Amino acid sequence: MRVLSGIQPSGKLHIGNYFGAMQQYLELQEKGNECFYFIANYHAMTSVQEALSLQDFTAEVARGYLAVGIDPEKSVFFRQSDVPEVCELTWILSCVTPMGLLERCVSYKDKVAQGLKPNHGLFCYPILQAADILIYNSNLVPVGQDQKQHLEVTRDIAVKFNNTYGEILTIPDPYILSSTAVVPGLDGRKMSKSYDNTLELFEPPNRTKKKIMRIVTDSTPVEDPKDPANCIVFALLRLVAQEQETQQWQQRYREGGMGYGEIKKRTVELMNELLDPFRQRFEKLSQDSDYVEDVLREGGKKARAVAVELMDKVRSATGIITSH
Ligand code: ADP
Ligand code: TRP
């Protein structure tokens, strides 16, 4: 089964990304699928229009994914821009994509509402995403719920292409990432780099500590019972604690006699236990940019070989002639 997903390098990675996406990518890798994971730097241009930032975020995502466990021996890990054929396929797919399909996409409207520039790149973003998926004959595409519509668009475009030019493209299925793991941010809203409410994956342990210790809790006195379901600290603890310990804390909330300082301290401890090995590997990779570059280059070569083969079929089916 070929699994494929793209990661936008548009900011620093946080624990929401880890529990909501990265951990599940790793599971798919460990289950013996043929995983293609790539850094969607062309997509990120719709929100990051500063060359140095785009370079930095791309490097951070590359190191970050390797640090948490993407294994280049098991998965093909690469940069979108190392497979230029994807831009060519985007154009070809554009020519079979009805305008109405793109006009219905809510993510364009959402992003414009959030302040992104309403340019053509943002509008045709789903076609580039379709090209990413279809160029590698992907079967399964793990994405968050918000990307479900883009997967439907991808399938529609693939069917339209196949009806016009013959059965060339593989129709992919979405694999919607579990939403039980929606991680709250430090302010209680969804953790997101856009809200500045994140616990970053690779920040120093004392910053993680400060952020957790400063989470605003309600003013219920220590001796009174409290509601774990309405507590950000508890929600963070349960991500990192064993089931049995989570239940013990839950009971202590309900019984009363527990101060928030106590659970905050334990959450810091457990969070840092999870993050420490990631930080160490991230730090090591930061000092070995040659290794990271080698991984991406090799991954890019493998991915490109698949893309080139598909593009030969696409060009000959569509009547596009090139001299190379
Ligand atoms: P952000 O909201 O910080 O901009 P992205 O949109 O780049 O994050 O998300 C990348 C991936 O991480 C997506 O698959 C998304 O579903 C997942 N993700 C992001 N934030 C969270 C969160 N708070 N809880 C669970 N998953 C998340
Ligand atoms: N649009 C996806 C997101 O914002 C990133 C992405 C780009 C992607 N190309 C893809 C995801 C192909 C899956 C498949 O998260």
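Criteria and cut-off values
Residues numbered from 1 in each chain as written. Chains lettered and ligands numbered in written order. Predicted model: local features only at pLDDT ≥ 70, side-chain atom pairs only at ≥ 80, totals over all residues. Heavy atoms only, no water. Helix = DSSP H or I, 4+ residues; strand = E, 2+ residues; numbered from the N terminus. Rg over C-alpha atoms; globule rule 2.2 N^0.38 Å. Buried < 20%, exposed > 50% of the residue type's maximum accessible area, 1.4 Å probe, protein only. Areas by Shrake-Rupley, 256 points an atom, 1.4 Å probe, with all protein chains shown as cover. Lys, Arg positive; Asp, Glu negative; His and termini not counted. Charge placed at Lys NZ, Arg CZ, Asp CG, Glu CD. Pairing = 2+ DSSP bridges. Right-handed = clockwise from strand over helix to strand, strands pointing away. Near = heavy atom within 4 Å. Polar contact = N/O pair within 3.5 Å; in protein donor to acceptor, adjacent residues only side chain to side chain. Nonpolar A, V, L, I, M, F, W, Y, C, P; charged D, E, K, R; others polar. Axes fitted to C-alpha atoms, helices over the stretch in contact; angles between N-to-C directions. Parallel < 35°, antiparallel > 145°, perpendicular 65-115°, else oblique. Left-handed = near helix turned anticlockwise from the far one by under 90°. Contact = heavy atoms within 4.5 Å. Domains from an automatic or database assignment. Buried area = accessible area lost by both parts, 1.4 Å probe. Salt bridge = Lys/Arg side-chain N within 4 Å of Asp/Glu carboxyl O. 1 Å grid on protein atoms, 1.4 Å probe; cavity = no way out; pocket = protein on both sides within 12 Å on 5 of 7 lines; lining within 4 Å. Points joined across faces, edges and corners; volume = space filled by probe spheres on them.

**Observations regarding the overall build of the protein chain**
Along the protein chain, the regular secondary structure elements total 14 helices and five strands. Over its C-alpha atoms the protein chain spans a radius of gyration of 22 Å, differing by no more than 12% from the 20 Å that the globule rule assigns to 324 residues. Projecting the C-alpha coordinates of the protein chain onto the three principal axes gives extents of approximately 75 × 45 × 35 Å. Counting every position in the protein chain, which comprises 324 residues, the buried fraction comes to 50%. Accessible surface, the protein chain as shown: approximately 16,100 Å² in total, 50% of it carbon and sulfur. Taken together, the 37 basic and 42 acidic charged side chains of the protein chain have centroids lying 2 Å from each other.

**With respect to the pairing of strand 1 (residues 2-7)**
Counting buried positions over the six residues of strand 1 gives five, a clear majority of the element. Relative to strand 2 (residues 34-39), strand 1 runs parallel, the two sharing six bridges. Following the sheet pairing, Gly6 is matched in strand 2 by Phe38. The handedness of the strand 1 to strand 2 crossover, carried by helix 1 (residues 15-30), is right-handed.

**A short note on the site of ligand 1**
Contacts to ligand 1 come from 12 residues, most closely from His14, Val183, Met191, Ser192 and Lys193. One of the side-chain N or O atoms of His14 is found 2.7 Å from an oxygen atom in ligand 1. Between ligand 1 and the protein, one listed contact pairs a nitrogen atom with a backbone N or O atom of Gly16 at 3.2 Å. A class-by-class count of the residues in the shell around ligand 1 yields five nonpolar, five polar and two charged.

**As for the site of ligand 2**
Neighbouring ligand 2 are 14 residues, the closest being Gln8, Tyr125, Gln129, Asp132 and Gln147. The separation between a nitrogen atom of ligand 2 and a polar side-chain atom of Tyr125 is 2.6 Å. Here a nitrogen atom of ligand 2 sits 2.8 Å away from a polar atom, N or O, in the side chain of Asp132. For ligand 2, whose unbound accessible area comes to 370 Å², protein coverage reaches 88%. Among the secondary structure elements, those contributing two or more residues to the shell around ligand 2 are strand 1, helix 8 (125-134) and strand 4 (140-143). With four residues, helix 8 is the largest single contributor of residues to the shell around ligand 2.

**What about the packing of helix 12 (residues 243-255) against helix 13 (residues 260-286)?**
Interhelical geometry of helix 12 versus helix 13 gives an angle of 165° and a closest axis separation of 12 Å. Considering their axes alone, helix 12 and helix 13 lie roughly antiparallel with respect to each other. Regarding helix 12 and helix 13, the two cross each other, and that crossing is left-handed. Between helix 12 and helix 13, the residues in contact are Glu245, Trp249, Arg252 and Tyr253 and Tyr260, Glu262, Ile263, Arg266 and Leu270, respectively. Its residues assigned to classes, the contact of helix 12 with helix 13 shows five nonpolar, no polar and four charged.

**Observations concerning the domain arrangement of the protein chain**
Each assigned domain of the protein chain is listed with its residue range as follows: domain 1 (2-182 + 289-318) and domain 2 (202-283). A separation of 34 Å is found between the C-alpha centroids of domain 1 and domain 2. Listed by partner, the interface residues are nine residues for domain 1 and 10 residues for domain 2. Interface of domain 1 and domain 2: buried area, both sides summed, is about 880 Å²; carbon and sulfur atoms make up 78% of it. Sorting the residues of domain 1 by area buried against domain 2 places Ile15, Phe19 and Ala67 first, and these three jointly supply 53% of that buried surface. Counting across the interface, domain 1 meets domain 2 through zero salt bridges.

**Regarding the pairing of strand 3 (residues 75-79)**
When you tally the buried positions in strand 3, you get five out of five residues, the bulk of the element. Across the two faces of strand 3 the burial is the same, with Ser75, Phe77 and Arg79 and Val76 and Phe78 all buried. Summarising the sheet, strand 2 and strand 3 pair through five bridges and their orientation is parallel. Within strand 3, the residue paired with Cys35 across the bridge is Ser75.

**Details of the packing of helix 4 (residues 85-94) against helix 8**
Two numbers describe a pair of packed helices, the interaxial angle and the distance between the axes. It is at 8 Å that the axes of helix 4 and helix 8 come closest, and there the two elements cross at 115°. Crossing hand, helix 4 versus helix 8: right-handed. Each of Val86, Leu89, Thr90, Leu93 and Ser94 in helix 4 lies in contact with helix 8, whose residues at this interface are Ile127, Leu128, Ala130, Ala131, Asp132 and Leu134. Counted by class, the contact of helix 4 with helix 8 contains eight nonpolar, two polar and one charged residues.

**Topic: the layout of surface pockets**
Over the atoms rolls a probe the size of a water molecule, and its path tells where empty space is left. Reported here for the second largest pocket is a volume of approximately 230 Å³. Lining the second largest pocket are 16 residues, with Tyr42, Thr90, Gly121, Cys124 and Leu128 sitting closest to its centre. Broken down by secondary-structure element, the contributors of at least two residues to the lining of the second largest pocket are helix 2 (41-44), helix 4, helix 7 (120-123) and helix 8.

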